[in-house]
Amino acid sequence: MLTDRDTLLRKLHELRSEHRDLDTVISRMGEQPVDQLHIQRLKKRKLLLKDEIMWLESRLIPDSIA
C-alpha cells in the first residue's frame, strides 16, 4: 500500500481537503430543504475520511520510546 512518506503526506492532504469540502457542502445543504438521506450519506463519508486521516497521521508520527 502506501509506504513512501511523501505519498502519505500527499494522500493526507487530499483527504483533509475532501473533508473540508464535505463540511462546506453539508453546512450549505442544511440551510435549505433537501434530502436528509443524502446529507446522512455525506456525513458518513466525512466520518470515514476522518478515520482515514487519523490512521495516516498515526503512520506519519514515529513511535516514541517512553
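Predicted model, so just to flag it, every value in this text is computed and none were measured.

## Quick look at the overall build of the protein chain
Counting its secondary structure elements, the protein chain contains two helices and zero strands. Buried positions account for 18% of the 66 residues belonging to the protein chain. Looking at the protein chain alone, contacts between residues at least 24 apart form 67% of all its contacts between residues at least 6 apart. Summed over its atoms, the accessible surface of the protein chain is roughly 5,500 Å², and 53% of this surface lies on carbon and sulfur atoms.

## Some words on the pattern of salt bridges
Pairing between side chains of opposite charge can happen when the charged atoms of each approach one another. Under the definition given, this model contains three salt bridges. Between Glu18 and Arg45 there is a salt bridge, and its shortest N-O distance comes to 3.1 Å. Of this pair, Glu18 sits in helix H1 (residues 5–29) while Arg45 sits in helix H2 (residues 36–60), and the two are 27 residues apart along the sequence. In this structure Glu18 comes out as partly exposed when scored by relative accessible area, which is 30%. Among the residues examined, Arg45 registers a relative accessible area of 32% and is labelled partly exposed. One salt bridge in this structure joins Asp23 and Lys46, with 2.7 Å as the shortest N-O distance. With Asp23 in helix H1 and Lys46 in helix H2, this pair connects stretches of sequence that are 23 residues apart.

## Quick notes on H1
Here H1 is 25 residues long and its end C-alpha atoms lie 36 Å apart, about the 36 Å a rise of 1.5 Å per residue gives. Those residues of H1 not exposed but buried are Leu8, Leu12, Leu15, Leu22, Ile26 and Met29.

## Looking at the environment of Glu14
Within the secondary structure, Glu14 sits in helix H1. Relative accessible area serves as the criterion here: at 43%, Glu14 is assigned to the partly exposed category. Once the C-alpha coordinates of Glu14 and Ile53 are considered, the two residues, 39 residues apart in sequence, prove to be 9.6 Å apart.

## As for the nonpolar core
General note: in soluble globular proteins, nonpolar side chains tend to be found buried as a group. Within the largest apolar cluster, twelve residues are counted, these being Leu8, Leu12, Leu15, Leu22, Ile26, Met29, Ile39, Leu42, Leu49, Ile53, Leu56 and Leu60. Residues in contact with Leu42, not counting those within four places in the same chain, are Leu22, Val25, Ile26 and Met29.

Cut-off values and rules
Residues numbered from 1 in each chain as written. Predicted model: local features only at pLDDT ≥ 70, side-chain atom pairs only at ≥ 80, totals over all residues. Heavy atoms only, no water. Helix = DSSP H or I, 4+ residues; strand = E, 2+ residues; numbered from the N terminus. Buried < 20%, exposed > 50% of the residue type's maximum accessible area, 1.4 Å probe, protein only. Contact = heavy atoms within 4.5 Å. Areas by Shrake-Rupley, 256 points an atom, 1.4 Å probe, with all protein chains shown as cover. Salt bridge = Lys/Arg side-chain N within 4 Å of Asp/Glu carboxyl O. Expected span 1.5 Å × (residues − 1). Core = buried A, V, L, I, M, F, W, Y, C linked by side-chain atoms within 4.5 Å.

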